[in-house]
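# Observations on the three-dimensional arrangement
This is what each chain is made of:
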Amino acid sequence: MEPTDVTNPDYYHKVIDCQWACPAHTNVPEYIRLIAQGRFTDSYWLNRESNVFPGVLGRTCDRPCEPACRRTRIDGKPVAICRLKRVAADLRDPTESRLPLIPEAKNGKRIALVGAGPASLTVCNDLMPLGYECVIFEQLSKPGGLMRTNIPAFRLPLKVLDGEIDMILDMGVEVRYEAEITSMKALLDEDWDAVFIGSGAPKGKNLEIPGRYDSDRIHIGIEWLEGVHFEHIDSIGERVLVIGVGNTAMDCCRSSKRLGGTDVKVMARKSKEYFKASDWELEDAEEELVEIVENHSPKRFILEDGVLVGMEFELVSWHEGPDGRLKAEVHGSVEIPCDDVILAIGQDNAFPWIERDIGIEFNEWEMPVVDRKTFQTTRDGVFVGGDAAWGPENIIWAVEHGHQAAISIHNYCQGDPLTDRVPYGQNLISAKMGMMDWAYSNEYNPAARVQMQHVDLRERFKQLAVEVELGFDPEQTALEVERCLNCDLQTDFTAPLCIECDACIDVCPVDCLTITWNGLEEDLRTRLRADAENLEQDLYVSDALPQTGRVMVKDEDLCVHCGLCADRCPTAAFDMRKSELLIPYAGEASPSRTKQAPWPAQV
């Protein structure tokens, strides 16, 4: 194998599994270390550089970082990355003095944005400091999109949501509320230099079975949640069936419990391993005594004298068919009584307001054709991001879409090719503070994952806006931050200094280091001290060692970044270096370094 080029930002970045998995590539290990030092404000602003809404996402993120966390390989439970983000947001200094200055003299470019959701807000966040004028057209009376209307206040307090949205709007963004766009052609005929579509996926999927249109007690989930948010709906029947088992269904069933539902059931067509809802959302719903019923496929609504009284379901089991798809086998049916039904079986995009003769092509699913790198449609100057681009995803995906679209919009307005993207950069900073002292806590902490505190079950139903999760207290925070393995601290190796004494190999607790003869990767993987079974994780291979010409090989999949190899090495061939990914944003000729001090004090 060729020697590994550790100056390529993608190499060490891929080793930091949590940051690699985060769509916005938030610097997870660094912000956790800052929390460990009580530097909550620094941690918050480090978060905000990439994810824009730390307080919101610290409560609502779908957490793609956590399944990737290396801690799962040790004790099966990831670090509570998402909830630690909330700690920094809740305990930070409330001043906004670190927001970028907005130039009084504008650059003459005007951007129209459709929808005031997270994607559009992120575009504004990135473009306003560059002198752009951003105008958002929002059909509702308040900003936030589905962050506001589909996430109940018991999960996301409005104070938190409004505070982080206001940071962006206070940059000088103009928002035209109750200004639904009904014609894209008419919008394009106005004097805009670029248009961004961040209209989300605002249409809830329907269930076309007998009886669907015979009662007003059958609701579309996202529309029903919007009605609850704007206080158009303040009650529901005692017996509620929620059809579907995604995160929206969890919000619907838990909201129902707060509006009068005493017997609330979530009806799932398949068994639990196929549920779309996050595990923690399911756990919270079950804690609130919501019954989740598996393998029930809706057949018809039951009405008596025009009144909804129940639903009939087919009892099904599932097996894989010849084409690899799951097939249902019916084993009878059952009738379940109810007063209300909420349909939460998915969301669709809706673009009736975009004419089909203005140069924006649509695919077979009636979605605009969008370039996945530039976020531009087939009409120059029109960009799409968030749920409007490729269907419903989590808020953090909308944020990353916004960052990338902002780069493209800036390039477009400045006459630069949209494909000209500044590459990621990297800093490698030594963590050495003495002969045997590192600027991070490198001792393994065996503590179990901290459990989130919740409001008492009786108290949480008294008001719809009572936030259920209380966050971590100081003691819990101190325990949880120490579970992080500091995966951005790399065992940086300098081959010419190695004397092949094997001290590093002897001390490695996970047998991830091997000195051996070079060869093809398939061969090398068979000659390591521990099986290198994860083919998605790269092997590190050094230059030829000066004594024998052999190479140092490290299985990055096994390394726990403890630093013992660097402690033990008598020649300092190993050093622990913090790899910091430098992320480029709109208007940057090169990615800027994060605005934190190089190192927090030792934990």
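Heads up: these notes are all about the structure in this document.

## Digging into the sheet that holds strand β10 (residues 296-304)
- The antiparallel open sheet is built from three strands, whose spatial order is β10-β11-β12. Looking at which strands have only one partner, the edges of the open sheet turn out to be β10 and β12 (326-337). Taking the axes of each pair of neighbouring strands and ignoring which way they run, one obtains an average angle of 20° across the sheet.
- Two strands pair when backbone bridges link them, and β10 and strand β11 (residues 307-320) are joined in this way by eight bridges, in the antiparallel orientation. Looking at β11, one finds that R300 is bridged to E312.

## Focus: the nonpolar core
- Membership of the largest hydrophobic core comes to 51 residues, with the highest contact counts inside it found for F53, I111, L127, C134, V173 and I409.
- The dominant element in this core, judged by the number of residues it contributes, is helix α17 (residues 395-414), at nine residues.
- Mapped onto the domain boundaries, this core takes at least three residues apiece from domain 1 (10-95 + 438-481) and domain 2 (110-202 + 349-414).
- Not counting residues within four places of it along the chain, the set of residues in contact with I111 comprises L127, Y132, E133, C134, V135, W192, A194, I409 and C413.
- Within the second largest apolar cluster, 27 residues are counted, among which are A431, C504, I515 and F574.

## With respect to the packing of helix α13 (residues 221-229) against helix α14 (residues 247-258)
- Closest axis-to-axis distance for the α13/α14 pair is 10 Å, and the angle between their directions is 45°. The orientation of α13 relative to α14 falls into the category oblique. Considering how the two elements wind past one another, α13 and α14 form a crossing that is left-handed. Facing G221, I222, W224 and L225 of α13, the residues of α14 in contact are T248, D251, C252, S255 and S256.
- A class-by-class count of the residues in the contact of α13 with α14 yields four nonpolar, four polar and one charged.

## Structural notes on the side chain of K265
- Counting through the fold element by element, K265 comes out in strand β8 (residues 263-267).
- Relative accessible area serves as the criterion here: at 14%, K265 is assigned to the buried category.

## Things to note about the side chain of S255
- Among the structural elements, S255 can be located in helix α14.
- By relative accessible area, which is 1% here, S255 ends up buried.
- Setting aside chain neighbours within four positions, we find S255 in contact with P152, F154, W224 and L225.

## Structural notes on the packing of aromatic side chains
- Counted under the stated rule, the structure contains eight aromatic pairs.
- Here F137 and W192 contribute two aromatic rings whose centre-to-centre distance is 5.8 Å and whose plane-to-plane angle is 85°, an arrangement assigned as edge-to-face. One end of the pair, F137, is in strand β2 (residues 133-138); the other, W192, is in the loop between α12 (184-188) and β4 (194-197), and 55 residues separate them in sequence. Of the two residues examined, F137 and W192, each falls in the buried class.
- For the pair F383 and Y412, a centre-to-centre distance of 6.0 Å together with 75° between the ring planes defines the contact as edge-to-face. With F383 in strand β15 (residues 382-384) and Y412 in helix α17, this residue pair connects regions lying 29 residues apart in the sequence.
- With relative accessibility at 0%, the residue F383 sits in the buried group.

How each quantity is defined
Residues numbered from 1 in each chain as written. Predicted model: local features only at pLDDT ≥ 70, side-chain atom pairs only at ≥ 80, totals over all residues. Heavy atoms only, no water. Pairing = 2+ DSSP bridges. Helix = DSSP H or I, 4+ residues; strand = E, 2+ residues; numbered from the N terminus. Axes fitted to C-alpha atoms, helices over the stretch in contact; angles between N-to-C directions. Core = buried A, V, L, I, M, F, W, Y, C linked by side-chain atoms within 4.5 Å. Buried < 20%, exposed > 50% of the residue type's maximum accessible area, 1.4 Å probe, protein only. Domains from an automatic or database assignment. Contact = heavy atoms within 4.5 Å. Parallel < 35°, antiparallel > 145°, perpendicular 65-115°, else oblique. Left-handed = near helix turned anticlockwise from the far one by under 90°. Nonpolar A, V, L, I, M, F, W, Y, C, P; charged D, E, K, R; others polar. Phe/Tyr/Trp six-rings, centres within 6.5 Å; stacked < 30°, edge-to-face > 60°.

The values are spatial; any link to function lies outside them.
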